[in-house]
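# Structure at a glance
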Amino acid sequence: MVKRIHGAGRGTTVSYLFGFILSLELTLAAYFLVVNRVLESRQLILTIMGLGVAQLLVQLVFFLHLGRESKPRWNLTVFSFMALVLVVLVGGSLWIMSNLDYNTMTPTEIETKLLEEEAIPR
Amino acid sequence: MNEQLTATDSKADKTVFGFWVYLMTDCILFASLFAVFVVLRGNTFGGPSGAELFSLPFVLLETLILLTSSFTAGLAMLAVHRRDNNQVLAWFGITFALGLSFLGLELYEFANLYQEGNGWQRSGFLSAFFTLVGTHGLHITTGLLWMGVMMIKIYRQGISIASAKRLTMLSLFWHFLDIVWIFIFTIVYLAGDIYG
């Protein structure tokens, strides 16, 4: 009888292979989207961030076996709390710093920004 | 017998859970460094931006190497559960070699940047870049040391319950570093190339 360590859950060769192939596809997709400039900048950024998050989920499920542990799911609980802290920390920092940037523009920067926002050609 | 197993079982569970909590706090460390990088990415102080410095095919190679090493670490863990000493050593050996080549490529990139005068003192952008990617590299180095020590231990003593527990944590650590790298690849290199 082989002893099990429940804390981390466990995979099979098939599940690892599946996770690996999915990760490869997501990585290559993001790479070629960027190299070939398939979309316009803003959409491209959103798309590759989406692909990155998809790969995060793939690896969490297939490599780290998150959510497949036995109840109560403490790993998942701690992970969720970390995700909350992460969103507040990163989102909050970017929000504050962009505000700071916006409010400390030089007169030339203000002019450029206004022309850009009002779509006035120079 | 059964009771004894359950007792060690729940103790191992707790240790692995403790390590999981550490990994989550490490995530927060990396999240702060990511936030710093994104805030500072435009502050090049007249120096080169990411798009001018980084070679995407080179970074793709690094990414594929690390991704493959994460996969082989998973296969090594399956061998650990089967208590197959030789396969454990073989798979961890491959993982170690891949990790080492990743680290070599990263140091080569760093050395190149530094020699061209684009070290961490060049601009806010480069300081943030070296801090974020360097912290990941330090984690990889630690992981490699840990893996080397575990491989010597297994070669000498075989797999015990204690070493299986440590290897479980090592594999969690390794997969976690792969996830962090995915975001470095996306946010630092790919997005850097788009912003130009």
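Just so we're clear, the structure is a prediction, and the values are computed from it rather than from any experiment. (Residues numbered from 1 in each chain as written. Chains lettered and ligands numbered in written order. Predicted model: local features only at pLDDT ≥ 70, side-chain atom pairs only at ≥ 80, totals over all residues. Heavy atoms only, no water.)

## Considering the confidence of the model for chain A
When pLDDT is averaged across chain A, the result is 88; 92% of the residues are at 70 or more. Across residues 1-8 of chain A, confidence stays below pLDDT 50; counting only partners more than four residues off in sequence or on other chains, it has 27 contacts. (pLDDT = per-residue confidence, 0-100. Contact = heavy atoms within 4.5 Å.)

## Describing the packing of helix α3 (residues 56-81) of chain B against helix α6 (residues 161-195) of chain B
All names here are of chain B. Closest axis-to-axis distance for the α3/α6 pair is 10 Å, and the angle between their directions is 160°. Accordingly, the angle class assigned to the pair α3 and α6 is roughly antiparallel. Classified by chirality, the crossing of α6 by α3 is left-handed. In terms of residue class, the contact of α3 with α6 is made up of 17 nonpolar, 7 polar and 3 charged. (Axes fitted to C-alpha atoms, helices over the stretch in contact; angles between N-to-C directions. Helix = DSSP H or I, 4+ residues; strand = E, 2+ residues; numbered from the N terminus. Parallel < 35°, antiparallel > 145°, perpendicular 65-115°, else oblique. Left-handed = near helix turned anticlockwise from the far one by under 90°. Nonpolar A, V, L, I, M, F, W, Y, C, P; charged D, E, K, R; others polar.)

## Some words on the interface of chain A and chain B
Chain A puts 49 residues into the contact, and the matching count from chain B is 48 residues. Of the roughly 4400 Å² buried at the junction of chain A and chain B (both faces included), carbon and sulfur atoms supply 80%. At the junction of chain A and chain B, the tally comes to 1 salt bridge. A salt bridge links A:R37 to B:D193; its shortest N-O distance comes to 3.2 Å. (Buried area = accessible area lost by both parts, 1.4 Å probe. Salt bridge = Lys/Arg side-chain N within 4 Å of Asp/Glu carboxyl O.)

## Comments concerning the packing of aromatic side chains
What describes a pair of aromatic rings is the distance from one ring centre to the other and the angle between the planes of the rings. On inspection of all chains with the given rule, the structure shows 22 aromatic pairs over all chains. Look at A:F18 and A:F62: their rings are 5.3 Å apart centre to centre, the planes differ by 70°, and that puts the pair in the edge-to-face class. With A:F18 in helix α1 (residues 13-35) and A:F62 in helix α2 (residues 41-62), the pair connects residues that are 44 residues apart, well separated along the chain. On the basis of relative accessible area, A:F18 is assigned to the partly exposed category, the value being 47%. Feature note: the residues B:F37, B:F54, B:F102, B:F110, B:Y114, B:W120, B:F125, B:F129, B:F130, B:W181 and B:Y189 constitute an aromatic cluster, connected by ring pairs. (Phe/Tyr/Trp six-rings, centres within 6.5 Å; stacked < 30°, edge-to-face > 60°. Buried < 20%, exposed > 50% of the residue type's maximum accessible area, 1.4 Å probe, protein only.)

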